[in-house]
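Residues per chain, in single letters:
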Amino acid sequence: MTDSIRVMKGLLIDLDGTMYHGIHPIPDADRLIACLQQVKLPYRFVTNNSSATPAAVAERLCGMGIPATADDVCTSAQAAAEHIATQRRGAAVFAIGEEGLKTALAEAGLSLVEDHPDVVVQGIDRKLTYERISAAASFIRGGADYILTNPDDLVPSTDGFIPGAGSISAMLAAASGTKPHIIGKPSPVLMDYALRKLGADASATWVIGDNMATDIAAGVAAGCGTILVLTGITNGENYESYAEKAGCSPDMICQNMNELIAIISERLQPTS
């Protein structure tokens, strides 16, 4: 699986399951970022999770000993907000989601409304009510566009895996009779957004993640190199089923951060 030809000029790094599980950092994740900073290899953290703002994500990483700023973070909420604002400037939006999604929508100049929306945007919402999902389904049936921040059925947490935005979408899509337009990985929308923020071509960029169906599939579709780390959703036991679901294979597989650091160190020399 090793790609010995493709250059490495930038990295797009997943968060949930790759950098941390809930409040617990993945072992040696801090060493990975220290390595990237030492060799001056540009990177961005790219997350399908729409619940937190980039500043909150950066603060969380710093609290785990992983240096980060808001500018280092690209979220599905940001990509969704930019996509909607580009397609329908100033649109009225009904949001099912948390602070990260609502903040991104407002910062993009979109109007958050509770009735008669142009667009329903849905991410993960851990305080979701039946009444709210019912209202969203009604709006979509009435003609509102349906945007999904990300299709993850499960997301890693401190206590294991919990239902993600994709699980909520399964109910909303069934109730509305409409499939959503997906923004997050494996969609190219988030990848294009992250590559623009990174300022690197896909052909020279590598995607690092733990989920075959989202991270690796997104990297392959975007034309990036891909490195699967077996630290989260995908592991040695379920790899074959996830690879079949994703319809692709990674260029490389690493058991842990130490293996990943070794690969990067072999490919790069520190620059002045």
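Refer to the structure above for everything that follows.
Residues numbered from 1 in each chain as written. Predicted model: local features only at pLDDT ≥ 70, side-chain atom pairs only at ≥ 80, totals over all residues. Heavy atoms only, no water.

Points about the nonpolar core
Reasoning step 1: Formed by 35 residues in total, the largest nonpolar core has its most connected members in L11, M19, F45 and I264.
Reasoning step 2: Of all elements in the fold, only β1 (10-13), α1 (29-38), β4 (43-47), α2 (54-63), β13 (205-209), β14 (225-229), β15 (252-254) and α10 (257-267) reach the threshold of two or more residues within this core.
Reasoning step 3: Filtering out sequence-adjacent residues up to four positions away, M19 remains in contact with I13, D14, P25, I26, A29, L32, I33, F45, L61, I66 and M257.
Reasoning step 4: Membership of the second largest hydrophobic core comes to 31 residues, among which are V93, L110, I147 and M191. (Core = buried A, V, L, I, M, F, W, Y, C linked by side-chain atoms within 4.5 Å. Buried < 20%, exposed > 50% of the residue type's maximum accessible area, 1.4 Å probe, protein only. Helix = DSSP H or I, 4+ residues; strand = E, 2+ residues; numbered from the N terminus. Contact = heavy atoms within 4.5 Å.)

Quick look at the pairing of β1
Reasoning step 1: A two-sided burial pattern is seen for β1, the buried positions comprising G10 and L12 on one face and L11 and I13 on the other.
Reasoning step 2: The sheet contact formed by β1 and β13 spans 4 bridges and is parallel. Each residue of the ladder has a partner; that of I13, found in β13, is I208. (Pairing = 2+ DSSP bridges.)

Remarks on the sheet that holds strand β5 (residues 73-75)
Reasoning step 1: Taken in spatial order, the 6 strands make up an open sheet running β5-β4-β1-β13-β14-β15, and their pairing is parallel. The open sheet has two edge strands with one neighbour each: β5 and β15. Adjacent strand axes in the sheet meet at a mean angle of 25°, parallel and antiparallel pairs treated alike.
Reasoning step 2: As defined by bridge partners, β4 adjoins β5 across 3 bridges and the pair is classed as parallel. Bridge pairing links T47 to T75 in β5.
Reasoning step 3: Those strands touched by helix α3 (residues 76-87) are β4 and β5, and its axis lies near 60° from that of β5. (Axes fitted to C-alpha atoms, helices over the stretch in contact; angles between N-to-C directions.)

Focus on the sheet that holds strand β7 (residues 111-112)
Reasoning step 1: Spatial strand order, β7-β6-β8-β9-β12: 5 strands in an open sheet with parallel pairing. Each having just a single partner strand, β7 and β12 (181-182) make up the two edges of the open sheet.
Reasoning step 2: Bridging between strand β9 (residues 145-148) and β12 involves 2 bridges; their strand directions are parallel. Within β12, the position partnered with L148 by the bridge is I182.
Reasoning step 3: Against the sheet, helix α4 (residues 99-107) makes contact with β6 (92-96), β7 and β8 (119-122), and its axis sits at roughly 170° relative to β6, the strand it touches most.

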